[in-house]
Amino acid sequence: MTKTNAGRFFEDYAVGQVIRHAVPRTVKMGERALYHAAYPARHALYSSDQFAQNCGLPFSPLDDMIAFHVVFGKTVPDVSLNAVANLGYAEGRWVTPVWPGDTLRSESEVIGVKQNSNGKTGVVWVRTRGLNQHDELVMEYVRWVMVRKRDLDADAPETVVPELRSVVPVEELVIPKGLNFTKYDFELAGEPHRFGDYEIGEKIDHVDGVTIEEAEHMMATRLWQNTAKVHFDATVRPDGKRLIYGGHVISMARALSFNGLANAQMIVGLNGGAHANPCFSGDTVRAWSEVLDKADTDAPGVGAVRLRLVAVKEGGSFDLKGDDGKYLPHVLLDLDYWALMPV
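Scoring rules and cut-offs
- Residues numbered from 1 in each chain as written.
- Predicted model: local features only at pLDDT ≥ 70, side-chain atom pairs only at ≥ 80, totals over all residues.
- Heavy atoms only, no water.
- Axes fitted to C-alpha atoms, helices over the stretch in contact; angles between N-to-C directions.
- Helix = DSSP H or I, 4+ residues; strand = E, 2+ residues; numbered from the N terminus.
- Parallel < 35°, antiparallel > 145°, perpendicular 65-115°, else oblique.
- Contact = heavy atoms within 4.5 Å.
- Buried < 20%, exposed > 50% of the residue type's maximum accessible area, 1.4 Å probe, protein only.
- Pairing = 2+ DSSP bridges.
- 1 Å grid on protein atoms, 1.4 Å probe; cavity = no way out; pocket = protein on both sides within 12 Å on 5 of 7 lines; lining within 4 Å.
- Points joined across faces, edges and corners; volume = space filled by probe spheres on them.
- Nonpolar A, V, L, I, M, F, W, Y, C, P; charged D, E, K, R; others polar.

*Asks:* Give a detailed account of the packing of helix α1 (residues 29-38) against helix α3 (residues 64-79), specifying residues and quantitative values.
*Replies:* Two numbers describe how α1 lies on α3: the axes approach to 11 Å, and their chain directions differ by 100°. Overall, the two elements α1 and α3 adopt an arrangement that is roughly perpendicular. Together, E31, R32 and Y35 of α1 and M65, I66, H69 and V70 of α3 make up the contact between the two elements.

Spelled out as structure tokens, the structure:
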């Protein structure tokens, strides 16, 4: 009897299955230091206790993407250890801020399965919830992955494709208790641009770029305890390359978006997302954003901005898809999210 875990394959998933993921993780200030070392993260609310307190919070929470990475990383051994690719996201919400000292754990429910026509792989949809030590919901999201089959002769399961909303409604966004931007310090935040300065349809070139290094990617992926084989084992892929973790690209693009969106402080909703093309060590990541929508909130001085964040391997244009509707080869990431901004 083997003691090791080869991970789940496509035929191991069934709609309605609930998986409690192993190894809860306590996150402290070291997590922030490592995150800010891995990415050029500069949003003031996540950098300064005093700035956060001036915005009505008790002190500075950990970055939204730290919560995402930790919750996501827990799921990998059970959901995507044998994945070919992580395909997309939907219906994501950040519900409770993560404070230094919180302990996070994850659980996922299988909500869809569909075998691919080649009979070698299938797509699995899961709804993942991240919980803290008080069993409070920290965040939730849906993602779908393409997973290998163990037995190519195994019968295909009944196809179930979940119906997912394209946008998280504004009224379902959760604003942290006490958040108040009426005394917001734009000078310390780094830019003067506020909610009213952005127009729907406006596109912003974030100008800067970062070349992805193998060592930095490996450090970040280990930090989140992401064990997907394609990120570590160069023999898994036919080209002999280790695939850069898609979350690494998300955080890099989010950090680059500071130049032009320094006041898009808190991410509260994830409407959709796709890793359009693979990223490898040596690629230089640049980013641009498009303002998709704007909405008022009940929190004093706080508006919600819906943004499309696009990461590319080269800059110079806002081109996203070709005439065939497919992503252009240089596009790495297409992410649709809600952020909170001072009005």
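Don't stop here, the text continues.
*Asks:* With reference to specific residues and values, describe the pairing of strand β6 (residues 137-148).
*Replies:* In terms of burial, β6 is largely enclosed, as nine of its 12 residues are buried. Relative to β6, strand β3 (residues 83-94) is paired through eight bridges, and the arrangement is antiparallel. Within the sheet, the bridge partner assigned to A90 lies in β6 and is V142. Examined bridge by bridge, strand β5 (residues 121-131) and β6 share 11 bridges and lie antiparallel to one another. Paired with T128 across the two strands is Y141, which belongs to β6.

*Asks:* Got a sec to walk through the layout of surface pockets? Specific residues and values, please.
*Replies:* Considering only enclosed or pocket space, the largest pocket measures out at about 450 Å³ in volume. Lining the largest pocket are 28 residues; nearest its centre among them are V84, A85, N86, H231 and L243. Counting residues per element, the ones that place at least two in the lining of the largest pocket are β3, β6, α6 (229-232) and α7 (246-256). For the lining of the largest pocket, the element with the most residues is β3, which contributes six residues. In this structure, the second largest pocket spans a volume of roughly 180 Å³. As for the second largest pocket, its lining consists of 13 residues, of which T96, P97, W99, E136 and K177 are closest to the centre. For the lining of the second largest pocket, the class distribution of residues is six nonpolar, four polar and three charged.

None of the figures reported here should be taken as evidence of function without further support.
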